[in-house]
Amino acid sequence: MKTLSTLDPRAPLVLDTRELGRRPGSQREVSRTAPAPADLGIEVLSVVEGSPVELDLRLEAVMEGVLVTGTAHADLVGECVRCLEPLHDEIDVDLQDLFVYADKHDQRAPDDDDQDVRVLEDDLLDLEPLLRDAVVLALPFQPLCRDDCPGLCPDCGTRLADDPDHHHEDPIDPRWAGLTALAEPEKP
Ligand SMILES: [Zn+2]
Ligand SMILES: [Zn+2]
C-alpha cells in the first residue's frame, strides 16, 4: 500500500510546509475546501467523490517534523442498513498527526514501529491518508435513517416506518418469498 510516489504540490490535499522553515514553534493556519477523494468512507456511508471537504488546520513545526491539528467537515450520503432508505448526514472529524521529516525518519532505529509513521516528502504533506483514517473511524458501521428505524417487514419487504400497522392475514404468496429474502438487510 505504501508507495513512495512524489506528491503534487498543487493537489488539494497536499500541503506545503516549507514556509514553517523547520523552526520548532513556527506555525501556520490553513483553511481550504478540497474535493473529496474517491472512496472516502465505507460501503454504506461515504463522502461523495468531488464534494467539498472543509478543512481548518494548524500546521506547527516541532523538532521531529510538522504537527497537523484541525478539523474536517463533509456531507455524507448512504443508506439505512435496516430499511435501505437513502440517507444524508454530515460529519465533523478531528485531525491530528505528526508528519516526520524524511531525514529524521531515516535516522530512526529499524525496530521502531514504522507502520503508522507519516513522513513528509520534500516538505510536502499528504493529508489524504490522515483524512481517510479519521473519516472511516468516525463513521457508524450501521448507519440508520433514524435511531428507532423499524426496518422492513419480514414478510413483504414494506418499509415499516411508512406503514407501521400493516400486518398479514394470509400466508405470504410464495412468489414474493424470493424478493423478501433480497430485501432483508444484511446481517453484520
Ligand atoms: Zn431506516
Ligand atoms: Zn408486510
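Residues numbered from 1 in each chain as written. Chains lettered and ligands numbered in written order. Predicted model: local features only at pLDDT ≥ 70, side-chain atom pairs only at ≥ 80, totals over all residues.

The name an unreviewed UniProt entry assigns to the chain is DUF177 domain-containing protein, from the organism Nocardioides aquaticus.

Regarding the overall build of the chain
Rules: Per the convention used, a helix needs a DSSP run of H or I reaching at least four residues, while a strand needs a run of E reaching at least two, with both numbered from the N terminus. Here exposure depends only on C-beta density: within 10 Å of a residue's C-beta, 20 or more other C-beta atoms make it buried, 12 or fewer make it exposed, and intermediate numbers make it partly exposed, the C-beta atoms being placed from the backbone. Two residues qualify as a contact pair if the distance between their C-beta atoms, derived from the backbone, is within 7 Å.
Counting its secondary structure elements, the chain contains three helices and nine strands. Counting from the amino terminus, the chain carries its helices and strands in the arrangement β-β-β-β-β-β-β-α-β-β-α-α. Within the span of the chain, comprising 188 residues, buried residues form 18% of the whole. The contacts of the chain with a sequence gap of at least 6 include a subset with a gap of at least 24, amounting to 58%.

With respect to the nonpolar core
Basically, it comes down to this: Note on terminology: a nonpolar core is any set of buried Ala, Val, Leu, Ile, Met, Phe, Trp, Tyr and Cys residues joined through C-beta atoms within 7 Å.
By size, the foremost hydrophobic cluster in this structure holds 23 residues, and its most contacted members are Val47, Val53, Val66, Val68, Ala74, Leu125 and Val135. Residue assignment for this core shows that the elements contributing at least two residues are strand S4 (45-47), strand S5 (52-61), strand S6 (65-79), strand S7 (86-100) and helix H2 (128-138). No other element matches the five residues that S5 contributes to this core. What Val68 contacts, discounting residues up to four positions off in sequence, is Leu57, Leu59, Leu95, Gln96, Asp97, Phe99, Leu125 and Leu130. One finds Cys80, Val81, Cys83 and Leu152 within the second-largest nonpolar core, a separate group that totals five residues.

As for unusual backbone geometry
Residues other than glycine seldom take positive phi values, yet Asp39 does so here, at roughly 60 degrees. For Asp39, the location among the structural elements is in the loop between strand S2 (27-35) and strand S3 (40-42). At Asp123, a residue that is not glycine, the phi angle is positive and equals roughly 65 degrees. Looking at where Asp123 falls in the secondary structure, it is placed in the loop between strand S8 (118-119) and strand S9 (124-126).

Some details on the environment of Gly151
Mapped onto the fold, Gly151 is located in the loop between H2 and helix H3 (174-183). Of the residues examined, Gly151 has 18 C-beta atoms within 10 Å and is grouped as partly exposed. Taking the C-alpha atoms as reference, Gly151 lies 4.5 Å from Arg82; in sequence the two are 69 residues apart.

Considerations on the environment of Thr6
Structurally, Thr6 is set in the segment before strand S1 (14-16). Separated by 116 residues in sequence, Thr6 and Asp122 place their C-alpha atoms 8.7 Å apart.

Quick word on the pairing of S5
Note the cut-off: Whether two strands pair depends on DSSP finding at least two bridges between them.
Burial of S5 is one-sided: the residues Val53, Leu55, Leu57, Leu59 and Ala61 facing one way are buried, the residues Pro52, Glu54, Asp56, Arg58 and Glu60 facing the other way are not. The sheet contact formed by S2 and S5 spans nine bridges and is antiparallel. From the neighbouring strand, Ser31 faces S5, where its bridge partner is Asp56. Relative to S6, S5 runs antiparallel, the two being bridged by eight bridges. From the neighbouring strand, Leu55 faces S6, where its bridge partner is Ala72. Counted along the chain from S5 to the antiparallel partner S6, the turn is three residues long.

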